[in-house]
Amino acid sequence: MNKNIILIAVFAVFVFVSCQNKQENIEEQKSNSVVTSTVNENISLQQENNNIETTYFPAIERYLINEIGSKYLEGEICVPFQTVVAVDERNSDDILVWGDFWVFNYNIEGDILKTVSGGSHPGLMHIKQTDEGFEVTDFEQVEDGSKNLPSAKGIFGDKYEDFHAVNSDETRREKHRAEVLANYVQKHGIPVTKYQDYGWPVKELPIEKKS
């Protein structure tokens, strides 16, 4: 599912496709391994001690927010997340990250995050290591429609089955999305406890209760 656009107009009903910012510490995995990323706050994109990024996940998140999330109907906050399928870090000038990337925009209404827009953007991120950290230099996206399957197989190659397993598991993806949102609102001190996609029931965020 590439670029399944979910737009919610203020007064008119738009079609919403149910699916799923910050990436928390994630273990680096070997190529061909499937990694479910956890969120790391966008407010902490740089390492505290030396202000130099030590992983490429903040660069991925910036790209998803600035280059993809900005093209959707705007919300008050933009929260991307991803499941990494495989990585190849052998070339620091062209680090390869295959993944199932998602981005959503939300408005805050009471104690609920209301989905405004968003969608799925699986593909291959090309990332370069710089003196300050990392930057995405190119993104090969899986195409829509009749080109979806052939482009996905072309981009993921021998990793396609791993990608398909991740991309087709809506239950796992939605659980991950909720965890990402819970971490995000806690890190940013946003007083919400639920989220809701247009036309769907309100769902509780898995926020840990403080004792």
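You'll find the structure just up there.
On a predicted model such as this, the values are computed, not experimentally measured, just so you know.

## Observations concerning the overall build of the protein chain
What the protein chain contains, in helices and strands, is four helices and 11 strands. Split into buried and exposed, the 211 residues of the protein chain put 49% on the buried side. Of the roughly 10800 Å² of accessible surface on the protein chain, a fraction of 48% belongs to carbon and sulfur atoms.

## Observations regarding the side chain of Asp100
Structurally, Asp100 can be placed in strand E6 (residues 95-109). Although Asp100 is buried, it forms no salt bridge, and the closest oppositely charged side chain is Arg173 at an N-O distance of 4.5 Å. Once residues within four sequence positions are removed from consideration, Asp100 is found in contact with Phe81, Gln82, Thr83, Ser120, Pro122, Phe163, Val166, Asn167 and Arg173.

## With respect to the pairing of strand E9 (residues 134-141)
For strand E8 (residues 123-129) and E9, the ladder comprises seven bridges, and the chain directions are antiparallel. Note that in E9 the partner of Ile127 across the bridge is Val136.

## Overview of the nonpolar core
Counting 20 residues, the largest nonpolar core has Tyr56, Ile60, Val97, Phe101, Met125 and Ile127 as its most contacted members. Breaking this core down by element, the ones donating at least two residues are helix H1 (57-68), strand E5 (77-88), E6, E8 and E9. Apart from the residues within four sequence positions on either side, Phe101 is in contact with Ile60, Leu64, Phe81, Gln82, Gly119, Ser120, His121, Pro122, Gly123, Met125 and Phe139. Counting 17 residues, the second-largest nonpolar core is a separate cluster that includes Ile77, Val180, Tyr184 and Val192.

## A short note on the environment of Thr137
Turning to its location among the elements, Thr137 is positioned in strand E9. Note on Thr137: relative accessible area 45%, which makes it partly exposed. Excluding anything up to four places from it in sequence, Thr137 contacts His126, Ile127 and Lys128.

## A few points about the pairing of strand E7 (residues 112-120)
With eight of its nine residues buried, E7 lies for the most part within the structure. Here E6 pairs with E7 via eight bridges, running antiparallel. Residue pairing for E7: Val103 is matched across the bridge by Gly119. Count of turn residues in the E6/E7 antiparallel hairpin: two residues, of which Gly110 carries a positive phi of about 65 degrees.

## Brief notes about the pattern of salt bridges
Counted according to the given criterion, the structure contains eight salt bridges. Of the charged contacts, one joins Glu174 and Lys203 as a salt bridge, the two residues approaching to 3.6 Å between their closest N and O atoms. Of this pair, Glu174 sits in helix H4 (residues 170-188) while Lys203 sits in strand E11 (residues 203-204); the two residues are 29 residues apart in sequence, bridging distant segments of the chain. Residue classification places Lys203 among the partly exposed positions, given a relative accessible area of 33%. As a salt-bridge pair, Glu179 and Lys175 come within 2.7 Å of each other at their nearest N and O atoms. Placement of both Glu179 and Lys175 in helix H4 is noted, with a separation of four residues, approximately one turn of the helix. One network of salt bridges, with partners in common, ties together Glu174, Arg177, Asp197 and Lys203.

## Concerning the side chain of Lys194
Relative to the elements of secondary structure, Lys194 occurs in strand E10 (residues 194-196). On the accessibility criterion, Lys194 (19% relative accessible area) is buried. Residue contacts for Lys194: discarding those within four places in its chain leaves Asp111, Ile112, Leu113, Val202, Lys203, Glu204 and Leu205.

About the criteria used
In this convention, every chain numbers its residues from 1, walking through the sequence in written order. Since the coordinates come from a predicted model, pLDDT governs what is reported: local features require at least 70, and pairs of side-chain atoms require 80 or more to be given and counted, while whole-chain, interface and lining totals use all residues. Values reported for side chains reflect all heavy atoms of the structure, with hydrogen atoms and water molecules removed beforehand. Note on conventions: DSSP H or I runs of at least 4 residues are helices, E runs of at least 2 residues are strands, and numbering of each starts at the N terminus. We call a residue buried when its accessible area falls under 20% of the maximum for its residue type, exposed when it is over 50%, and partly exposed in between, using a 1.4 Å probe and counting protein chains only. Methods summary: accessible areas were calculated by the Shrake-Rupley approach with a probe of 1.4 Å, and residue burial reflects only the protein chains presented. We count Lys and Arg on the positive side and Asp and Glu on the negative side, and we leave His and both chain ends out. Throughout this description, the term salt bridge denotes a Lys or Arg side-chain nitrogen within 4 Å of a carboxyl oxygen of Asp or Glu. Whether two residues are in contact is decided by their heavy atoms: any pair within 4.5 Å suffices. One bridge is not enough; two strands pair if DSSP finds at least two bridges between them. Put simply, buried Ala, Val, Leu, Ile, Met, Phe, Trp, Tyr and Cys residues joined by side-chain atoms within 4.5 Å make one nonpolar core.

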